[in-house]
Amino acid sequence: MKNLFARINQRNFSVFLLLLGIMISAWFIFSKPTALPKEPEEDIYPVEALFIEAETIQPEISVFGNVRAARIANINSMVAGRVVSVSSLFRDGSFVSAGSELALIDPTEYALSVEQRQAEVDRVKALISELSTEALWESKIMANIERQNEIAAADLKRLVDLEGKGLASKKSKDETELVFFKSESTKLRHSQSLERINSRIIQNKAQLIAAEASLAIAQRDLLNTRLIAPFDGYLTDTRAANGQRVSRGETIGRLLSATELEVVFDVPDDSFFGLSTESQNANDRQAGLLFDRPVEVEWKLGSVVKIFEAQLARQGAEMAPELGGVKFYAVLAEGAHLEGLRAGAFVEVKMKVQTYKEVFRLPSTAVTSDSRAYIIENGRLRAVDVIILRSIGDELLIRADVPSAGVSVVARVFPQIGEGLKVNPRVSD
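Residues numbered from 1 in each chain as written. Predicted model: local features only at pLDDT ≥ 70, side-chain atom pairs only at ≥ 80, totals over all residues. Heavy atoms only, no water.

Counting its secondary structure elements, the protein contains 4 helices and 22 strands. Relative to its 429 residues, the protein shows a buried fraction of 33%. Relative to all contacts within the protein whose residues are 6 or more apart in sequence, the contacts with residues 24 or more apart total 76%. (Helix = DSSP H or I, 4+ residues; strand = E, 2+ residues; numbered from the N terminus. Buried < 20%, exposed > 50% of the residue type's maximum accessible area, 1.4 Å probe, protein only. Contact = heavy atoms within 4.5 Å.)

On to the sheet that holds strand E4 (residues 72-76). Strand pairing within a sheet occurs via backbone hydrogen bonds; the two strands may be parallel or antiparallel. Pairing is antiparallel across the open sheet formed by 4 strands, whose spatial order is E4-E11-E9-E6. Only two strands of the sheet have a single partner each, and these edge strands are E4 and strand E6 (95-96). Pairing of strand E9 (residues 233-236) with strand E11 (residues 251-257), which is carried by 4 bridges, proceeds in the antiparallel orientation. Looking at E11, one finds that Leu235 is bridged to Leu255. (Pairing = 2+ DSSP bridges.)

Across 7 bridges, strand E3 (residues 60-69) lies against strand E16 (residues 346-352) in antiparallel orientation. The residue of E16 that forms the bridge with Ser62 is Lys350. Bridging between E3 and strand E12 (residues 261-268) involves 5 bridges; their strand directions are antiparallel. Bridged to Gly65 within E12 is Phe265.

This next bit is on the nonpolar core. Grouped together as the largest cluster of nonpolar side chains are 24 residues, with contacts concentrated most on Phe265, Leu332 and Leu341. Listing elements by their share of this core, those giving two or more residues are E3, E12, strand E13 (294-301), strand E14 (304-315), strand E15 (325-332) and E16. Among residues more than four places away in sequence, those in contact with Leu332 are Val67, Leu261, Glu262, Val263, Val297, Phe308, Glu309, Ala310 and Leu341. Ranked by size, the runner-up nonpolar core spans 18 residues in total, among them Val96, Ile105, Leu227 and Leu235. (Core = buried A, V, L, I, M, F, W, Y, C linked by side-chain atoms within 4.5 Å.)

Our focus in this paragraph is the sheet that holds strand E10 (residues 245-246). Ordered in space as E8-E7-E5-E10, the 4 strands form an open sheet in which the pairing is antiparallel. Two strands bound the open sheet, and with one partner strand each, they are strand E8 (226-228) and E10. For strand E7 (residues 101-105) and E8, the ladder comprises 3 bridges, and the chain directions are antiparallel. Note that in E8 the partner of Ala103 across the bridge is Leu227.

Moving on, we get to the environment of Glu130. With respect to the helices and strands, Glu130 occurs in helix H2 (residues 108-164). Looking at Glu130, the relative accessible area reads 49%, which means it is partly exposed. Sequence spacing of Glu130 and Ile201 is 71 residues, and the spatial spacing of their C-alpha atoms is 9.2 Å.

A few words now on the pairing of E16. Alignment of E13 against E16, held across 3 bridges, turns out to be antiparallel. Bridge pairing in E16 places Glu296 opposite Lys350.

Scanning all chains against the criterion turns up 16 salt bridges. The partner of Glu120 in a salt bridge is Arg123, with the nearest N and O atoms 3.0 Å apart. Of this pair, Glu120 and Arg123 both sit in helix H2, 3 residues apart, roughly one helical turn. Classification of Glu120 as partly exposed rests on a relative accessible area of 33%. (Salt bridge = Lys/Arg side-chain N within 4 Å of Asp/Glu carboxyl O.)

This part covers the packing of aromatic side chains. By convention here, two paired aromatic rings are described through the distance between centres and the angle between planes. A full pass over the atoms with the stated rule returns 4 aromatic pairs. For the pair Trp299 and Phe308, a centre-to-centre distance of 6.5 Å together with 40 degrees between the ring planes defines the contact as tilted. For the pair Trp299 and Phe308, one class covers both residues: buried. The cationic tip of Arg314 hangs over the ring face of Tyr329; the distance from NZ or CZ to the ring centre is 4.4 Å. Sitting over the face of the ring of Tyr234, Arg342 holds its NZ or CZ atom 3.8 Å from the ring centroid. (Phe/Tyr/Trp six-rings, centres within 6.5 Å; stacked < 30°, edge-to-face > 60°. Lys NZ or Arg CZ within 6 Å of the ring centre and 35° of its normal.)

Let us now look at a nonpolar patch on the surface. A contiguous nonpolar surface patch, about 300 Å² in accessible area, is contributed by Leu18, Leu19 and Ile22. By the element assignment, Leu19 lies in helix H1 (residues 2-31). (Patch = residues over 30% accessible without salt bridge, like charges linked within 9 Å, V, L, I, M, F, W, Y side chains within 5 Å. Areas by Shrake-Rupley, 256 points an atom, 1.4 Å probe, with all protein chains shown as cover.)

Time to look at the environment of Arg254. Its place among the elements puts Arg254 in strand E11. Taking the C-alpha atoms as reference, Arg254 lies 9.9 Å from Ala229; in sequence the two are 25 residues apart. The residues contacting Arg254, other than those within four sequence positions of it, are Ile72, Ala73, Asn74, Ile75, Tyr234, Leu235, Thr236 and Asp237. Among the polar contacts made by the side chain of Arg254, one reaches the side chain of Asp237 at a distance of 2.9 Å. (Polar contact = N/O pair within 3.5 Å; in protein donor to acceptor, adjacent residues only side chain to side chain.)

This structure, assessed with the given rule, holds 1 cavity of 30 Å³ or more. Roughly 40 Å³ of internal volume is contained in the largest cavity. Forming the walls of the largest cavity are Ile52, Leu362, Ala373, Ile375, Val384, Val386, Ile398, Ala400, Val402, Val407 and Val409. Contributions of two or more residues to the lining of the largest cavity are made by strand E18 (372-377), strand E19 (380-392), strand E20 (395-400) and strand E21 (407-410). (1 Å grid on protein atoms, 1.4 Å probe; cavity = no way out; pocket = protein on both sides within 12 Å on 5 of 7 lines; lining within 4 Å. Points joined across faces, edges and corners; volume = space filled by probe spheres on them.)

Its location among the elements puts His337 in the loop between E15 and E16. For His337, a relative accessible area of 18% translates into the label buried. Ignoring anything within four residues of it in the chain, the contact list for His337 reads Ala258, Thr259 and Leu261.

Turning to unusual backbone geometry, a few remarks are in order. Although it is not a glycine, Glu358 sits at a positive phi angle of roughly 55 degrees. Structurally, Glu358 can be placed in strand E17 (residues 356-363). According to the relative accessible area criterion, Glu358 is partly exposed, its value standing at 49%. Its identity as a non-glycine residue notwithstanding, Asn378 has a phi of 55 degrees, on the positive side. Tracing the chain through its elements places Asn378 in the loop between E18 and E19. The exposure class of Asn378 is exposed, given its relative accessible area of 82%.

Here it is, written out as structure tokens:
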């Protein structure tokens, strides 16, 4: 009996443990927390922002250029011959004044040619003078003959009348008629002679013009035996020596103007439209280029910097798209050469361009490829269309429909940027 109770107690204890395990498991199952679905959170993008305000800006462009002589003359031999004299200044780099004799070509042949042409002119003038005197005497003789002819004609008329009345013989009339015809023949001969003399005078006057033209050419050639500096300047590429024979038109040197210097430089395409006579806005283009504006030229010699004044003078005759710019010329102020500046110097050119009013300055990273910028309003982005007026280095001058008093703009756009994004701006200067 005791064993029976022991078995019953063991069985109940096992059931109890089983039930207790089931109850504990059920408690764990039914008491576990229930996970509710969580609403997705909106992404917040950290962005770099900057505060911009409308400004009036006159940008300055800085480019490099070269100094060159405004006038360059080739020293050409205008006549052929042997060089008999060369100036001691006729060397590369020498300064020569206007009117200085640089070299002399043997003038003997050309002096003789002048004498020959002068003799021909004198001969033709003498012949014209002789013919003019002869024509004068012929004219006087013609006057006497015409008077005689008039008397003979009157006598003939009178005898014809008398013969008709029977008061004169036919013989007397014939003799008078013969005298008249002789007088008429003499008049015709002298008239022909006078015409011939006048014709020869005209021919000789034409010869005189030709002779004087030949004389002028010979005199010019004689003057051209002296090679003269046409203006103040520096010599270069000189190649002439005593005894050297030169041909007509041969170049023996070049002269670069010393006092007339100019700077040649290329203006980039993006700065070209800033050189206008009118302010630019969203819808216009410049009316024309504004010349005579001041230009600052810097010449650096190691640690020494010399500054010269110049004025924008003209634009290149052709556009050069392969160079990516437009060529311009600025004339240096008088006296630049006194500071040692010469043609060939490499200089930096600084120049103010068009003034832009009510514009904003933005880094180029703040504008998208489709010309949009993003302003920050109440922590969110709003896209605005911008009009790019010009670039200044890494910055852009723009116009946009935003308050001129100032607004925060995203300084660097990113691929996910878009209208309405929530951002955490970090404002920089």
